[in-house]
Amino acid sequence: MNSQRYFLLLLVLAVSIGGSIFARAQSATNTQLDHFDLTAVDKSLDPCVDFYQYTCKKWIDSNPIPGDQPTWSHGSKLNLWNQGVLRDVLEKASADDPERDLVNQKIGDYYASCMDESAINSKGIAALKPELDRIDALKQKSQLPAEVAHLHAITAALAQATDSGAKTPLFGFGSSQDLDDASKVVAAADQGGLGLPDRDYYLKDDAKSAETRQQYIAFIRKTQELLGDSPAQAEAHAKVIMDTETALAKASMDIVQRRDPANLNHKMSLKELQALTPHFSWDEYLKAMGGAPPTIHYLVATPDFLRGVDQIIATDSFDDLKTYLRWQLVNASGTLLTTAFADERFDFYGRKLTGQKEQRPRWRRCTQAVDRDLGEALGEAYVDRTFGADGKQRMLNLVHALEESLGKDIEQLDWMTPATKKEALIKLHKIEDKIGYPNKWRDYSSVKIIRGDALGNAYCSGEFEFKRGLAKIGKPVDRGEWLMTPPTVDAYYDPQLNTINFPAGILQPPFFDKSADDAANFGAIGAVIGHELTHGFDDEGRKFDPNGNLRDWWTDADNKEFEGRAKCVADEYSSFEATPGTKLNGKLTLGENTADNGGARIALIALQSTLAAAGKSAETEDGFTPEQRFFIAYGQVWCSSWTPQFLRLVAQSNPHSPPQFRVNGVVQNMPEFQKAFNCKKGQPMVSDNACHVW
Ligand SMILES: [Zn+2]
């Protein structure tokens, strides 16, 4: 449970493994990866008016959103291509071959079980029965902690945490690096327990939020009926569930406050933790997990939230609490239940929340499930097929060029004192670069995967992952571990390990293209590298020192300067309207926007020094200068189409700005852009009040 993560892209809501009979298998091998393309710019448009449209309009016009997606982009295409590679691996592995090795048995049987929709349907809710029986058999509230521990173990992987908190019943529990001493792994508890994306969905009183709540209640009601409730019972149960989740939402810390790590840093002894929840025994909870982990203290992200949980346990009836737990279990499991369950789940989380018209074909959902649950077993095969040693070396060269560029940028800053610059450079030089895949692959040999038990396989692999997390408590930090699987189209900075991480999955066109020139690669993957590096120095990342400890290494004067500059960025993005009536939240997206702005600037500086060293600074291509090609590549990787529903969801609960603002918000702050395209003061891509942090 790393509380601090900085991803490049969006955490797309995981919707539905399950499936409709209309889902068609689509041949992924037909997917063509997009390459950098200068002919894709729309020369009839003025780049200084709307650069995103200039670079992306043609692409957007010819790439409508497929019905089974809420958004469509180069990243989505690459993701589909990657999944095609994985599908081929999984289809071969799932052949009933007695010669298969253990890894192929596990990934193959997991995939085959997930794909067998008719077997899942004929089993019906019998697949859930052992778990439902456990909840039904509870006799008194004192038995709750043991059952909550069990539910946490089997559902933590299925119900993945987001920036708003854990998605497991009542709260989240796991391991984390300590915030003050990153060399220590401690036990950690966080808020959780909600079925809607964020606490605000329960609390905001605008018409759209009220409508979403009604849709959510209808979804709960239908799911309860599928479990055997009469319509009247389902109605009553849905009310109980919504009331409980609303009480949890009220006790939750909001997503903007959660961005300040100091707000999440509460060290407690077991006794102090217990004092937060007189009606919930931590001894019982920990005993059910095999004993209290030998932790130096408990890192409690949100003590007020746990007080709220205690209040709910104290005042809700025992039956109501069981109703809530049953719902949480079923909702987490819904993607691997029958078509009827999965369709209801998709109708809410897919159709209503994200505007997706139909479910993705079943092979894609099942491939994603194997990637989630046995990711490094599958990832090893992906890397074998796609990632060569030459790719790693060229990527490392780019990373080193960007690191050098950020170093120069820091040295030349006019607003930072020498004392803080010195510390910043120490931190920069200590950043470790992780490219492609882990050096040591995870060993899944203790995970039992049984062909024909789709749900059981997910529970079993989830429990393995949960226990693997707990086993880290009290041990030295494993610096080699990755938070993303190798085929993932994304990247991240880890402030507590002080590492930048680029999975093999993103090191493909158009992000990283061996056939493209330097200008294109610096504008695409170069800006991504710059983005991750800058996260080490954004409003959150800057609070961690070179060793990943939460420690203030800034002078007061520099702190003040930084805050003023960051406020400029926050105000700028708060003025952007994502979709009519929904503006961006500049404070929520501040870290990402800072990283986008800094990343693009240092990538451009890196390109310019690389070209100067090679004597190629003036080489044009199709009439475009290297700087122009750089910005076009930067814009092109973000070309995308979105449903209005998904735009709204992201603007409300995701720390990333939607792509058009990731492009235009950055270029309007850059005199280098305005010079490259000869933009004039007063044009929209020339900000009157350009923000500059890094
Ligand atoms: Zn980021």
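Refer to the preceding data block for the structure.
Before going into details, it helps to say that this report is about the structure given with it. Fair warning: this is a prediction, and the values are worked out from it, not measured in the lab.

## So, the environment of Asn498
For Asn498, the position within the fold is in the loop between β8 (492-494) and β9 (499-503). Taking the relative accessible area as the measure of exposure, Asn498 reaches 1% and is therefore buried. In this structure, the C-alpha to C-alpha distance between Asn498 and Ala182, residues 316 residues apart in sequence, is 9.9 Å. Side-chain polar atoms of Asn498 contact the backbone oxygen of Pro546, separated by 3.2 Å.

## Some details on the state of the cysteines
Taken as a whole and judged by the stated rule, the model has four disulfides. In this model Cys56 forms its disulfide with Cys639; the gap between the sulfur atoms is 2.1 Å. Since a negative S-S torsion denotes a left-handed disulfide, the Cys56-Cys639 link at about -85° is left-handed. Of this pair, Cys56 sits in helix α1 (residues 51-62) while Cys639 is found in the loop between α23 (626-636) and β12 (640-642), placing the two residues 583 residues apart along the sequence. Side by side, Cys56 and Cys639 carry an identical accessibility label, which is buried. Left unpaired, Cys460 is separated from the closest cysteine sulfur, that of Cys114, by 16 Å. Classification of Cys460 by relative accessible area gives partly exposed; the value is 24%.

## Regarding unusual backbone geometry
Glycine aside, negative phi is the norm for most residues, and most peptide bonds take the trans geometry. Following Pro509, the chain continues to Pro510 via a peptide bond in cis, the omega torsion being 0°. Counting through the fold element by element, Pro510 comes out in the loop between β9 and α20 (518-535). Even without glycine at this site, Leu170 takes up a positive phi of about 65°. As for its placement among the helices and strands, Leu170 is situated in the loop between α6 (144-155) and β3 (171-177). Positive phi is not limited to glycine here, since Asn678 has a value of about 60°. When its relative accessible area of 54% is taken as the criterion, Asn678 is described as exposed.

## Here we look at the pattern of salt bridges
Under the definition given, this model contains 44 salt bridges. The salt bridge partner of Lys92 is Asp88, with a shortest N-O separation of 3.1 Å. Residue Lys92 and its partner Asp88 are located together in helix α2 (residues 74-93), separated by four residues, close to a single helical turn. Residue Arg542 is joined to Glu563 by a salt bridge in which the shortest nitrogen-to-oxygen separation is 2.9 Å. Of the two residues, Arg542 is situated in the loop between α20 and α21 (556-574) and Glu563 in helix α21; the sequence distance between them amounts to 21 residues. Owing to a relative accessible area of 4%, Arg542 belongs among the buried residues under this scheme. Glu563 gets classed as partly exposed once you look at its relative accessible area, which sits at 45%. Among the charged side chains, a salt-bridge network with shared partners connects Glu376, Arg442, Glu465, Arg468, Lys472 and Glu481.

## Remarks on the sheet that holds strand β6 (residues 298-300)
The strand order across the open sheet built from four strands is β3-β4-β6-β5, with neighbouring strands paired in mixed fashion. Each having just a single partner strand, β3 and β5 (267-268) make up the two edges of the open sheet. With two bridges joining them, β5 and β6 adopt antiparallel strand pairing. Directly across from Lys267, in β6, lies its bridge partner Leu299.

## Topic: the environment of Gly436
For Gly436, the position within the fold is in strand β7 (residues 432-436). Considering only alpha carbons, one finds Gly436 and Val383, 53 residues apart in sequence, at a separation of 7.9 Å. Not counting the four nearest positions on each side in its chain, Gly436 is found in contact with Phe387, Trp482, Pro486, Phe502, Pro503, Ala504 and Leu507.

## A few points about the packing of α20 against helix α22 (residues 590-614)
Here α20 crosses α22 at 135°, and the two axes come no closer than 6 Å. Judged on the interaxial angle alone, α22 and α20 are oblique. In terms of crossing hand, the pair formed by α20 and α22 is right-handed.

## Brief notes about α1
Because each turn of an α-helix spans 3.6 residues, side chains separated by three or four positions end up pointing in the same direction. Within the span of α1, buried status applies to Phe51, Tyr52, Tyr54, Thr55, Cys56 and Trp59. Sitting at the head of α1, Asp50 places a side-chain oxygen 3.2 Å from the backbone nitrogen of Tyr52.

## Some words on the pairing of β9
Across the five residues of β9, five count as buried, placing the element largely inside the fold. The sheet contact formed by β8 and β9 spans three bridges and is antiparallel. In the sheet register, Asp494 faces β9, and the bridge partner there is Thr499. Once β8 ends, the chain turns through four residues before running back antiparallel as β9, passing Asn498 with a positive phi of about 55°.

## Considerations on the packing of aromatic side chains
A complete count under the given rule lists 36 aromatic pairs for this structure. Between Phe171 and Trp282, the aromatic rings sit 5.1 Å apart at their centres with planes inclined by 50°, giving tilted as the arrangement. Linking Phe171 in strand β3 with Trp282 in helix α11 (residues 282-288), this pair joins segments that are 111 residues apart in sequence. By the burial criterion, Phe171 is buried, and Trp282 matches it. Residues Phe537 and Trp553 carry aromatic rings whose centres are separated by 6.5 Å and whose planes lie at 85° to one another, so their mutual orientation is edge-to-face. Here Phe537, found in the loop between α20 and α21, pairs with Trp553, found in the loop between α20 and α21; they are 16 residues apart in sequence, far enough to count as distant. For the pair Phe537 and Trp553, a shared accessibility class is recorded, and that class is buried. Joined through ring pairs, the aromatic side chains of Phe51, Tyr54, Phe630, Phe631, Phe673 and Phe677 make up one cluster. Positioned above the aromatic ring of Trp554 is the side chain of Arg542, whose terminal nitrogen or guanidinium carbon lies 4.5 Å from the ring centre.

Cut-off values and rules
Residues numbered from 1 in each chain as written. Predicted model: local features only at pLDDT ≥ 70, side-chain atom pairs only at ≥ 80, totals over all residues. Heavy atoms only, no water. Helix = DSSP H or I, 4+ residues; strand = E, 2+ residues; numbered from the N terminus. Buried < 20%, exposed > 50% of the residue type's maximum accessible area, 1.4 Å probe, protein only. Polar contact = N/O pair within 3.5 Å; in protein donor to acceptor, adjacent residues only side chain to side chain. Disulfide = S-S within 2.5 Å. Salt bridge = Lys/Arg side-chain N within 4 Å of Asp/Glu carboxyl O. Pairing = 2+ DSSP bridges. Contact = heavy atoms within 4.5 Å. Axes fitted to C-alpha atoms, helices over the stretch in contact; angles between N-to-C directions. Parallel < 35°, antiparallel > 145°, perpendicular 65-115°, else oblique. Left-handed = near helix turned anticlockwise from the far one by under 90°. Phe/Tyr/Trp six-rings, centres within 6.5 Å; stacked < 30°, edge-to-face > 60°. Lys NZ or Arg CZ within 6 Å of the ring centre and 35° of its normal.

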